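Take a look at the letters that make up each chain.
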Amino acid sequence: DTEVTQTPKHLVMGMTNKKSLKCEQHMGHRAMYWYKQKAKKPPELMFVYSYEKLSINESVPSRFSPECPNSSLLNLHLHALQPEDSALYLCASSQAGTALDEQFFGPGTRLTVL
Amino acid sequence: AQSVSQHNHHVILSEAASLELGCNYSYGGTVNLFWYVQYPGQHLQLLLKYFSGDPLVKGIKGFEAEFIKSKFSFNLRKPSVQWSDTAEYFCAVNSNTGNQFYFGTGTSLTVIP
């Protein structure tokens, strides 16, 4: 299984809602990532988990809260988002701590904040 | 900090034309280099990668890239493009010690039938 799955595919939420994005991989990877991607732009790194511990937080606002319950799962909890947070949210995984770190990307969750 | 530059922001080609997309990076250490493609409405897929060895690497769908260390470049090439190659192309770099990827700004390729 060389796939990263993400749910839901699409999400529409209001600014007062609380929702969560989910990501799962079964490749035995120990590093997982959240990226935000706007149209026609490169992915922007948000968070990196390595061995289930948060290792990088790229100064992301606290309305985004990541969680890594185990080595296969990664969540992104959303609360009080703004319309400018509308984007494609990508999850990726890779083998952690090796020199051969290729990232595998999921299909993304298309988020719209009203 | 590392940075990755893709100078061609938007490229328009006719089918069967040859393609070369530029990618330059700034990092003095040992790097791993990647090209990802994102077809319309689809997720990022790896086209090819370079870790070590032969600087000319071949990827999927007829793409290849050449690592020129002295020029800090990793340009993507394809001899003859097809309409189905229309997509966003991203160059990415990471060091051989870190988890963090650095993406270029991307090149939008449109192939006209």
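Refer to the preceding data block for the structure.
Structure report, in brief. For clarity, every value in this text was computed on a predicted model and none was experimentally measured.

**A few points about the state of the cysteines**
Okay, so step 1: With the rule as written, the count across this model stands at two disulfides over all chains.
Okay, so step 2: Sulfur-sulfur distance for the disulfide between C23 of chain A and C91 of chain A comes to 1.9 Å. What sets the handedness of the C23 of chain A and C91 of chain A disulfide is the S-S torsion sign, and at about -70° it is left-handed. One end of the pair, C23 of chain A, is in strand β3 (residues 18-25); the other, C91 of chain A, is in strand β9 (residues 87-94), and 68 residues separate them in sequence. The same class applies to C23 of chain A as to C91 of chain A, namely buried.
Okay, so step 3: Disulfide pairing is shown between C23 of chain B and C91 of chain B; the S-S distance is 1.9 Å. Handedness here is read from the sign of the S-S torsion; for C23 of chain B and C91 of chain B, about -65°, the answer is left-handed. One end of the pair, C23 of chain B, is in the loop between β3 (19-21) and β4 (24-26); the other, C91 of chain B, is in strand β10 (residues 87-95), and 68 residues separate them in sequence. Both residues of the pair, C23 of chain B and C91 of chain B, belong to the buried class.
Okay, so step 4: No disulfide involves C68 of chain A; its sulfur sits 9.3 Å from that of C23 of chain A, the nearest cysteine.

**Observations regarding unusual backbone geometry**
Residue and element names in this part refer to chain A.
Okay, so step 1: Cis rather than trans, the peptide bond between T7 and P8 has omega equal to -10°.
Okay, so step 2: In this structure, Y51 takes a positive phi of about 50° despite not being glycine.
Okay, so step 3: With respect to the helices and strands, the residue Y51 is situated in the loop between β5 (44-50) and β6 (53-57).
Okay, so step 4: Phi at E52 is positive, roughly 65°, even though this residue is not glycine.
Okay, so step 5: By the element assignment, E52 lies in the loop between β5 and β6.
Okay, so step 6: In this structure E52 comes out as partly exposed when scored by relative accessible area, which is 34%.

**Re the packing of aromatic side chains**
Okay, so step 1: Under the defined criterion, the tally for this structure stands at 17 aromatic pairs over all chains.
Okay, so step 2: Here a set of aromatic residues connected by ring pairs shows up, and it is made of Y33, Y35 and F105 of chain A together with F34, Y36, F51, F90, F101 and F103 of chain B.

**As for the pairing of strand β6 (residues 45-50) of chain B**
Residue and element names in this part refer to chain B.
Okay, so step 1: Here five bridges tie strand β5 (residues 31-38) to β6, and the two strands are oriented antiparallel to one another. Paired with W35 across the strands is L48, a residue of β6.
Okay, so step 2: Connecting β5 to the antiparallel partner β6 that follows it, the hairpin turn spans six residues, and G41 within it adopts a positive phi of roughly 75°.

Each value, and the rule that gives it
- Residues numbered from 1 in each chain as written.
- Chains lettered and ligands numbered in written order.
- Predicted model: local features only at pLDDT ≥ 70, side-chain atom pairs only at ≥ 80, totals over all residues.
- Heavy atoms only, no water.
- Disulfide = S-S within 2.5 Å.
- Helix = DSSP H or I, 4+ residues; strand = E, 2+ residues; numbered from the N terminus.
- Buried < 20%, exposed > 50% of the residue type's maximum accessible area, 1.4 Å probe, protein only.
- Phe/Tyr/Trp six-rings, centres within 6.5 Å; stacked < 30°, edge-to-face > 60°.
- Pairing = 2+ DSSP bridges.

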